[in-house]
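Structural description and commentary
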Amino acid sequence: MQNKGLVKLFAILFGLVSIYQLSFTFKANQIESNAEAVAISKIPDTEPDYREKRSNDEASYLQSIAKDTVFNMGVAKYTYDEVKQKAMNLGLDLKGGINVILQISVKDILKGLANNTKSPVFNKALDDASELQKNSQNTYLEDFFIAFDKIKGDTKLASPDIFYTKELDGEIEGSMSDDQVKSVITTKIDESITSAFEVLRKRIDEFGVTSPNIQRLGNSGRILVELPGVKDIERASTLLQSTAQLEFWDAYRGEQFLPFIQQANDVLKGIVDVKTNTTEVENEDDENAQDSKIDDLLGATSIDSTANTSNNPLVDLWRGMGYQGGPVVGRFEIKDKETVLKYLNMPQVRALLPAEQRYVKFAFGKPEANSEIVDLYALVGNRDNIPELSGAVVVDARNVYGPTGKPAVSMQMNAKGAKIWEEMTGKAFSQGSQIAIVLDNVVYSAPGVTTGPISGGSSEISGNFTLNEAIDLANVLRAGKLPARAEIIASEVVGPSLGQESIDSGTTSFMIALALVLVWMIVYYGKAGGFADIAMVFNIVLIFGVLSGLGAVLTLPGIAGIVLTIGMSVDANVIIFERIREELAKGKGQKEAIQDGFSNALSSILDANITTGLTALILFVFGTGPIKGFATTLLIGIVTSLFTAIFITRLFVDWYINKGGKLEFSTPITKNLFRNINIEFLKKRKVAYIISSIFIIVSLGSLFTNSLDQGVDFVGGRTYQVRFTQDVSPTEITNVLSDAFGSADAKTFGTSNQLKITTKYKIDETSAEVDEEIRSKLFTVLQPYLSGLTYEDFISDSDTKTVGLMQSFKVSPTIADDIKQASFWAILGSLIVVFLYILLRFKKWQFSLGAVAAVFHDVLIVLGVFSLTYKFMPFSMEVDQAFIAAILTVIGYSLNDTVIVFDRVREYVNEHTTWNFNKIVDVSLSSTLGRTLNTSLTTLVVLLTIFIFGGESIRGFMFALIVGIVVGTYSSLFIATPIMYDTINKSEEKKKKN
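Our subject in this report is the structure included herewith.

So, about helix H12 (residues 337–344). When we look at burial in H12, the residues that qualify are Val340, Tyr343 and Leu344. Relative to the axis of H12, the buried residues are bounded by an arc of 95° and lie together on one face. Away from the buried face of H12 by more than 90 degrees, exposed residues Glu338 and Lys342 are located. Looking at the packing, one finds that the buried side of H12 touches helix H10 (258–269), strand E8 (328–333), helix H13 (347–350), strand E9 (361–364) and strand E10 (373–379).

Have a look at this one:
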């Protein structure tokens with residue numbers, strides 16, 4: 001090998017850089033473990049909310065040392081922030097946390113751009129676009145334009161009641177065509193989504209998450225946010241979705257509306273059919289007491305004492321009133337909020353309001369902790385429903401402690417806001433009224449003004465905040481408001497304890513697989529196998545070093561990718577060693593055989609790794625989250641495996657030979673294995689065709705009749721991983737869930753005390769409120785099986801959690817459809833790319849046809865196996881994004897095997913010009929059989945190790961790979977090469993006839 005000195009230098013530098021990068025990971029882990037231990041020692045389990053207190057204490061300590069020097073390497077010193085930034089990032093499935101795709105509401109942005117127009121054409125187009133989105137691959141804006149064009153008639157987008165508004169004056173003119181307006185609106189939408197992206201990025205930076213990932217997904221208005229390590233999932237979800245629409249409204253006195261409440265109740269009696277709210281066990285005295293209480297509250301005496309048991313739609317929901325002269329109209333239960341607002345906003349009810357109150361805006365307050373009661377406020381509204389002052393004037397916000405010692409938020413307004421605020425507070429002071437501070441349509445507080453007008457633009461929000469709520473609200477106000485609603489249309493939530501389990505299982509599978517492979521290489525190739533082992537271990541160091549240096553995220557599938565890379569590293573060494581053994585068998589000297597073995601193996605190694613690399617690249621482009629992590633490690637592993645197998649192994653082999661050592665590249669046990677094999681594979685191809693045809697027909701039949709177990713990735717829905725204290729029956733749980741949700745399915749997930757629960761209940765609704773409703777309902781249904789577990793413990797995100805909700809996953813139907821289409825294009829794209837590469841390398845389309853036909857064969861059989869067995873296998877066999885990753889990996893490995901054979905065929909065609917083509921093919925297959933079986937068996941050992949020890953979440957993924965490797969090995973021998981042979985023969989026969 002030439003330039004050995006340069007290779008040694010590069011290897012040493014590469015290794016040192018990798019170790020340097022990994023040292024930051026070890027140091028960061030050490031510091032964080034110490035911080036966690038200190039927090040545990042300071043805050044015992046007996047304290048209330050000890051988990052949150054420990055988390056805050058740990059975060060506070062780490063924040064306090066952020067700028068302190070914590071790592072002194074002699075030549076350089078690093079602060080904790082710098083150490084953390086350079087440390088390897090763990091993915092969601094290893095560290096716990098939240099991974100969401102947010103959909104910025106383009107519909108809301110369009111309404112805002114049109115100044116909330118009442119145009120029937122515009123609003124009909126919005127509704128039609130929402131319907132189109134359910135089965136469309138277009139963006140919402142594209143569907144809006146399509147819907148508008150269908151129904152517009154003579155209406156133009158540039159009409160004064162749509163987009164030709166004061167706000168867009170100068171950008172849109174009344175004379176513009178629809179196409180011109182569409183261009184402007186497209187730009188405005190893009191600007192709004194960019195603004196939302198920046199707002200979210202600032203919020204996340206303020207939140208203090210380590211190694212967050214936030215990125216726009218195309219031009220669809222979707223934003224991907226990954227927050228690994230976040231323990232307070234509820235807090236993170238609220239932070240991401242909060243629009244931060246801060247408004248300041250004048251408030252009416254509550255008692256002014258008591259007569260209106262009574263009149264509204266009387267009108268509603270004739271409109272709403274309300275069944276009695278009392279139960280049969282209530283006696284007459286209780287009923288009369290309730291009526292008397294309502295009379296006192298309303299100051300009315302006209303209510304019939306029997307009315308409460310018949311039809312009192314609004315009064316029956318009444319639970320009290322506010323203090324005299326205060327802004328609270330009444331008090332109601334939280335569960336009745338929507339019903340009360342619906343009643344009060346009915347046209348027949350609002351018609352009862354006097355002229356000066358006709359634009360009143362009813363809004364509920366923020367309930368106190370552990371309370372089911374919430375206050376109703378009446379705000380001084382206007383025709384346009386626009387507040388006198390909005391949060392847009394806030395230029396700074398800080399969390400503080402109010403006069404009572406409770407957390408609050410202090411704000412500073414700009415000059416314009418300060419002037420309006422002074423006028424508002426002056427009017428409230430003179431009238432003795434209150435100003436309601438409203439955030440996202442919730443009244444946080446409604447203070448009075450007792451010291452006269454407030455100048456300077458300073459104000460304060462109080463409202464029974466926890467410290468975290470005050471911090472988050474200040475951060476949100478400081479970062480800015482979202483231009484529209486942000487709904488979570490896909491999410492994955494992993495508890496930190498489940499993440500630790502994944503780390504443990506991933507590490508176990510990794511170490512066992514590595515040990516097996518290292519031992520096997522020595523057993524099979526002797527001392528040469530030992531040199532390959534050293535190169536393999538060095539390869540692993542390089543992979544982790546590169547991952548850390550690039551700031552890539554390590555996921556559980558990523559660990560699987562690294563372990564799989566071990567198999568690929570073995571493959572390269574096997575190809576080299578088998579070629580050396582062939583050269584030695586020809587009678588060549590040791591040095592010459594080694595030289596020729598490495599040279600002759602290079603072409604096969606490159607072709608095999610490039611085809612696998614192409615599929616991994618496509619997986620990287622189309623995949624998200626953990627799947628992208630798998631592709632990343634696979635791509636890095638391909639490059640480092642090539643380097644270590646071709647150069648590092650060679651360095652050790654040459655060093656040993658040059659010092660007088662002798663290498664047999666085998667052991668007494670394996671010396672004659674796969675030697676002098678001469679199997680006539682082509683004579684067996686018709687039998688193989690028949691066997692494969694039977695498998696394919698059975699697979700297709702099962703796919704059409706039995707289908708596949710599609711995961712929520714592809715059909716939408718919500719999935720929950722729940723762990724119980726004792727074994728449970730999935731059939732029994734499915735029945736009770738189906739009664740509650742209408743559609744639900746529970747399957748054993750790993751151990752018998754753990755279930756994977758899937759439901760399509762309210763599948764089209766993605767709001768945080770619906771998520772909470774379903775989760776709460778799930779707990780209620782499962783409570784009898786949870787051995788007294790409280791709801792707080794059920795949903796908690798403790799590091800030591802062993803029972804309850806461990807993981808959740810949500811995908812809306814819209815994005816599910818997009819994922820399914822992206823998966824289809826990923827598979828099709830990989831086949832096209834590989835077809836073209838093989839055509840380029842082998843110059844004949846018959847080679848490409850044979851390879852692609854074998855791939856189709858492999859994919860169909862893997863799909864068939866999943867379709868036939870998913871109903872009774874003891875692990876999840878859902879077809880999801882991970883399964884698509886497995887299919888693409890199978891494609892790469894199948895091609896890997898096939899290309900090795902094709903490469904030998906090409907070599908023998910040039911070397912043995914007198915041989916018949918069928919002899920060349922048979923000899924090529926026979927001579928590569930040792931490498932094919934050795935690599936396949938080694939890879940299978942690795943995959944089986946991960947399958948057994950690698951954790952439940954990737955078991956289905958591993959099973960797909962195992963089936964794929966077995967079928968791929970078979971197809972490379974009996975399908976790909978025979979099809980290539982038959983098509984070339986037919987082509988030659990046609991040439992002879994012509």
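All told, the structure shown has 31 salt bridges when counted by the stated rule. In this structure, aspartate 336 and lysine 335 form a salt bridge, with 3.4 Å as the shortest nitrogen-oxygen distance. Overall, aspartate 336 belongs to the buried group, its relative accessible area being 8%. Residue arginine 904 is joined to glutamate 582 by a salt bridge in which the shortest nitrogen-to-oxygen separation is 3.2 Å. Taken together, the residues span a long stretch of sequence, with arginine 904 in helix H28 (residues 881–911) and glutamate 582 in helix H18 (residues 556–585) at a distance of 322 residues. The exposure class of arginine 904 is buried, given its relative accessible area of 6%. One salt-bridge network, in which partners are shared between bridges, spans Asp149, Lys152, Asp178 and Lys182.

In this model helix H27 (residues 845–869) runs 36 Å from its N-terminal to its C-terminal C-alpha over 25 residues, within 8% of the 36 Å that 1.5 Å per residue would give. Here H27 lies mainly inside the structure; 18 of its 25 residues are buried.

One finds Phe510, Phe577, Ile838, Phe883 and Ile891 to be the most contacted residues of the largest nonpolar core, which totals 121 residues. Not counting chain neighbours up to four residues away, the residues in contact with phenylalanine 883 comprise Val862, Leu863, Phe866, Glu878 and Ala960. Grouped together as the second largest cluster of nonpolar side chains are 47 residues, Val100, Val184, Ala236 and Ala484 included.

Residues of E9 alternate between two faces, with Lys361 and Ala363 on one and Phe362 and Phe364 on the opposite face, all of them buried. Across 4 bridges, E9 lies against E10 in antiparallel orientation. Counted as the bridge partner of alanine 363 is tyrosine 377 from E10.

On to the packing of helix H21 (residues 685–705) against H27, then. Between two packed helices, both the angle of their axes relative to each other and the distance between the axes serve to describe the pair. Taken N-terminus to C-terminus, the directions of H21 and H27 make an angle of 50°; their axes are 8 Å apart at the nearest point. The orientation of H21 with respect to H27, classified from their angle, is oblique. Of the two elements, H21 crosses H27, and the hand of that crossing is left-handed. Residue-level contacts link Ser692, Phe695, Ile696, Val698, Ser699, Leu700, Ser702 and Leu703 of H21 to His857, Leu860, Ile861, Leu863, Gly864, Ser867 and Leu868 of H27. In terms of residue class, the contact of H21 with H27 is built from 9 nonpolar, 6 polar and no charged.

On to the environment of threonine 939, then. Along the polypeptide, threonine 939 turns up in helix H30 (residues 929–949). Looking at threonine 939, the relative accessible area reads 2%, which means it is buried. For threonine 939, the contacting residues outside a window of four places in its chain are Leu564, Gly567, Tyr893 and Ile965. In terms of polar contacts, threonine 939 uses its side chain to reach the backbone carbonyl oxygen of threonine 935, at 2.8 Å.

Two elements in contact, H27 and H28, have axes separated by 9 Å at closest approach and are oriented at 145°. Read as a crossing pair, H27 and H28 show a hand that is right-handed. Facing Phe847, Ala851, Val855, Asp858, Val859, Val862, Leu863 and Phe866 of H27, the residues of H28 in contact are Phe883, Ile887, Val890, Ile891, Ser894, Leu895, Thr898, Phe902 and Val905. A breakdown of the residues in the contact of H27 with H28 according to their chemical character gives 14 nonpolar, 2 polar and 1 charged.

Definitions and cut-offs
- Residues numbered from 1 in each chain as written.
- Predicted model: local features only at pLDDT ≥ 70, side-chain atom pairs only at ≥ 80, totals over all residues.
- Heavy atoms only, no water.
- Buried < 20%, exposed > 50% of the residue type's maximum accessible area, 1.4 Å probe, protein only.
- Helix = DSSP H or I, 4+ residues; strand = E, 2+ residues; numbered from the N terminus.
- Arc of directions from axis to C-beta.
- Contact = heavy atoms within 4.5 Å.
- Salt bridge = Lys/Arg side-chain N within 4 Å of Asp/Glu carboxyl O.
- Expected span 1.5 Å × (residues − 1).
- Core = buried A, V, L, I, M, F, W, Y, C linked by side-chain atoms within 4.5 Å.
- Pairing = 2+ DSSP bridges.
- Axes fitted to C-alpha atoms, helices over the stretch in contact; angles between N-to-C directions.
- Parallel < 35°, antiparallel > 145°, perpendicular 65-115°, else oblique.
- Left-handed = near helix turned anticlockwise from the far one by under 90°.
- Nonpolar A, V, L, I, M, F, W, Y, C, P; charged D, E, K, R; others polar.
- Polar contact = N/O pair within 3.5 Å; in protein donor to acceptor, adjacent residues only side chain to side chain.

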